[in-house]
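One-letter residues, chain by chain:
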Amino acid sequence: MVKRSGLPLAMNVMRHLRVPNRLVEEALGHLRSNDWVSSGMRILPSEDNEYRLIPLDVGAPIELPSPLDDFEAIELEGAAEERVDSDWWAHLARMVGEDEVEKHREAWPSSHEFIGDMMVVRIDDEVAEHTSAIAEAKLRSHPHIRLALRDNGVQGEFRIRELSPIGARMGDEVLVGGIPTELCETQVLVRESGRSILCDPTRAYFSTKLQTERLETLELAKQLRQMLGRPLRICDPFCGVGPALATLLGEPGLSSDVLAADLNPHAVEMLLDNLRRWDNRPYPIEPLPLSRLHEDRMVGYADATTLSKEAAIEGKWDLLIVNLPHRTIEMMPSLIPLLDRASPSMVRGRAIVAESEIESANLAIRESLPSLLEESPEPSLRVKRDYSATLRLCSFEAWIAPTVS
Ligand SMILES: C[S@@+](CC[C@H](N)C(=O)[O-])C[C@H]1O[C@@H](n2cnc3c(N)ncnc32)[C@H](O)[C@@H]1O
């Protein structure tokens, strides 16, 4: 058997339920009957060994019902189940040979992203000639996966992923060549925080890896609501198919008005489908330019940089979500006028920055913002994960002071 010690396991930050050892069986029973345990991830011991940390499926609701609400949900790096992981290496070794596995060591794609019943895999050029074997090994070690796609990166203004099908399941068979088109459907419903989100990563940006980010945004929004003493007017001008809103709209009494826009009409088409289900109200089928569709919903495609030119939109929002991480800092001046400066407000943003430039990016963000609320922390980029060898995906929040009249 090949020694795997040098090969990284798939890891990502996810919610875990912290349950005292004596109550684990009971908690697991409730979680499993609802499909809320993350499959393929391990239950971990706490540091003091008094608790078990049960990995939660992304589809589990944010507020778990009784009796699970007695336990704290914490975020930490999940660990892949060794059996699933070793199955993948065993299938791979059977197909390409142990020597070949050992020769390329870290180049093999040990991690992947699940989007519904699809798996997205980045394949290093060094092992690209083994793409079919990789697809087959992945599909055989993850029997719930229907379609494996190679990730060729995020492209263009719409940040759409270029994905190519590399393997599919047809009944009991695994296909890695000549995959019929009908097996290559990429539009799927993803469960997150108790809601289903329609997405198609080949037509609009979507990442399942941002759930913890979205939960943080929810916590910040709740703090802002408490400070203002009223529901928020939320502006998400780069909303994609709406995953941040899925979480925010799930919180009762959090919002009084929502602007959800994106430049990509395909994203808006899926957003409308999502809002129809989340709000249980009618929404148009076809994407349309940004318009007021309900008393408390402005939805449609629009260029975020021009929104503040519209009197009905300028200066109307308490929480501004800026999720175009390659261009956040340069876009800030055209977005800040969207905030209602009569009361405290917040900008919640993400940025992709070189590790070595985080401090200068912090300065640039602070310079691009109006005065901060007294005693609020200075906005600082927090690294969320690696974007590439040198770039980091970071997030920040800024509490903005009202203008003195
Ligand atoms: C990184 S994605 C984030 C999408 C979504 N917020 C999410 O978390 O899944 C950035 C989004 O901004 C949209 N976009 C790019 N330029 C834009 C612009 N000038 N105005 C509005 N949306 C834009 C893209 O189409 C894309 O959906």
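Residues numbered from 1 in each chain as written. Predicted model: local features only at pLDDT ≥ 70, side-chain atom pairs only at ≥ 80, totals over all residues. Heavy atoms only, no water.

Quick look at the overall build of the protein chain now. From N to C terminus, the protein chain includes nine helices and 19 strands. At 22 Å, the protein chain has a C-alpha radius of gyration in line with the 22 Å of a compact globule built from 405 residues. By its C-alpha atoms, the protein chain is 75 × 50 × 45 Å across when sized along the principal axes. Buried residues in the protein chain amount to 53% of all 405 residues. (Helix = DSSP H or I, 4+ residues; strand = E, 2+ residues; numbered from the N terminus. Rg over C-alpha atoms; globule rule 2.2 N^0.38 Å. Buried < 20%, exposed > 50% of the residue type's maximum accessible area, 1.4 Å probe, protein only.)

Attention now moves to the nonpolar core. Residues Ile-115, Ile-234, Leu-245 and Leu-248 are the most contacted members of the largest nonpolar core, which totals 51 residues. Looking at which element gives the most residues to this core, the answer is helix H7 (residues 265–279), with seven residues. Both of domain 2 (82–186) and domain 3 (207–400) provide at least three residues apiece to this core. Ile-234 has contacts with Leu-245, Leu-248, Ser-255, Asp-257, Val-258, Leu-259, Trp-317, Leu-319 and Ile-321, leaving out every residue within four places of it along the chain. Listed in part, the 32 residues of the second largest apolar core include Cys-235, Ala-261, Leu-338 and Val-353. (Core = buried A, V, L, I, M, F, W, Y, C linked by side-chain atoms within 4.5 Å. Domains from an automatic or database assignment. Contact = heavy atoms within 4.5 Å.)

Neighbouring residues of the ligand: 19 residues in total, closest Phe-238, Asp-262, Asp-303, Ala-304 and Asn-323. In this structure, a nitrogen atom belonging to the ligand sits 2.8 Å away from a main-chain N or O atom of Ala-304. Contact between the ligand and Asn-323: an oxygen atom at 2.9 Å from a side-chain N or O atom of the residue. Looking at side-chain class alone, the shell around the ligand contains 12 nonpolar, three polar and four charged residues. (Near = heavy atom within 4 Å. Polar contact = N/O pair within 3.5 Å; in protein donor to acceptor, adjacent residues only side chain to side chain. Nonpolar A, V, L, I, M, F, W, Y, C, P; charged D, E, K, R; others polar.)

This part takes up helix H4 (residues 131–141). Where burial is concerned, most of H4 is hidden: nine out of the 11 residues are buried. At its buried positions, H4 is contacted by helix H2 (82–96), strand S6 (118–121), strand S7 (147–155), strand S8 (160–170) and strand S9 (173–175).

Assigned domains of the protein chain: these are domain 1 (13–77), domain 2 (82–186) and domain 3 (207–400). Using C-alpha coordinates to define each centre, domain 1 is positioned 30 Å away from domain 3. Contacts between domain 1 and domain 3 engage six residues on the former and seven residues on the latter. When the two sides are added together, the surface that domain 1 and domain 3 hide from each other amounts to roughly 570 Å², 58% of it contributed by carbon and sulfur. (Buried area = accessible area lost by both parts, 1.4 Å probe.)

It is at 8 Å that the axes of H2 and H4 come closest, and there the two elements cross at 145°. For the pair H2 and H4, the crossing hand works out as right-handed. Touching Val-84, Asp-87, Trp-88, His-91, Leu-92, Arg-94, Met-95 and Val-96 of H2 are Ala-133, Ile-134, Glu-136, Ala-137, Lys-138, Arg-140 and Ser-141, all from H4. Its residues assigned to classes, the contact of H2 with H4 shows eight nonpolar, two polar and five charged. (Axes fitted to C-alpha atoms, helices over the stretch in contact; angles between N-to-C directions. Left-handed = near helix turned anticlockwise from the far one by under 90°.)

Further remarks concern the pattern of salt bridges. Under the definition given, this model contains 37 salt bridges. With a closest N to O distance of 3.5 Å, Asp-200 and Arg-203 form a salt bridge. We classify Arg-203 as partly exposed; its relative accessible area is 21%. A salt bridge links Arg-392 to Glu-355; the nearest nitrogen and oxygen atoms lie 2.7 Å apart. (Salt bridge = Lys/Arg side-chain N within 4 Å of Asp/Glu carboxyl O.)

A separate point is the environment of Ala-351. Counting through the fold element by element, Ala-351 comes out in strand S17 (residues 345–354). We classify Ala-351 as buried; its relative accessible area is 2%. Each C-alpha atom, one on Ala-351 and one on Gly-240, is 16 Å from the other, the two residues being 111 residues apart in sequence. Residues within four places of Ala-351 in sequence aside, it is in contact with Pro-325, Thr-328, Leu-381, Arg-392, Leu-393 and Cys-394.

Within the fold, Asp-257 resides in strand S13 (residues 255–262). Owing to a relative accessible area of 12%, Asp-257 belongs among the buried residues under this scheme. At a separation of 2.9 Å, a polar atom in the side chain of Asp-257 contacts the side chain of Arg-292. Look past the residues within four positions of Asp-257 in its chain and what remains in contact with it is Leu-232, Arg-233, Ile-234, Arg-292, Glu-295, Asp-296, Arg-297 and Trp-317.

Three or four residues apart is the spacing at which side chains of an α-helix point the same way, because the helix has 3.6 residues per turn. If you check H2, its first and last C-alpha atoms are 21 Å apart, about what 15 residues at 1.5 Å a residue would give, namely 21 Å. Residues of H2 that are buried include every one of Val-84, Asp-85, Trp-88, Trp-89, His-91, Leu-92, Ala-93 and Val-96, and no others. Of the surrounding secondary structure, the elements contacted by the buried residues of H2 are helix H3 (98–104) and H4. At the exit of H2 stands Gly-97, carrying a positive phi of roughly 95°. (Expected span 1.5 Å × (residues − 1).)

Cis geometry is found at the peptide bond from Ser-66 to Pro-67, where omega equals 0°. With respect to the helices and strands, Pro-67 occurs in the loop between strand S3 (51–55) and strand S4 (72–77). Phi is positive for Arg-105, which is not a glycine, with a value near 30°. Positionally, Arg-105 belongs in the loop between H3 and strand S5 (113–115). On the accessibility criterion, Arg-105 (28% relative accessible area) is partly exposed. A positive phi is found at Arg-159, a non-glycine position, where the angle reads about 55°. Checked against the element boundaries, Arg-159 lands in the loop between S7 and S8.

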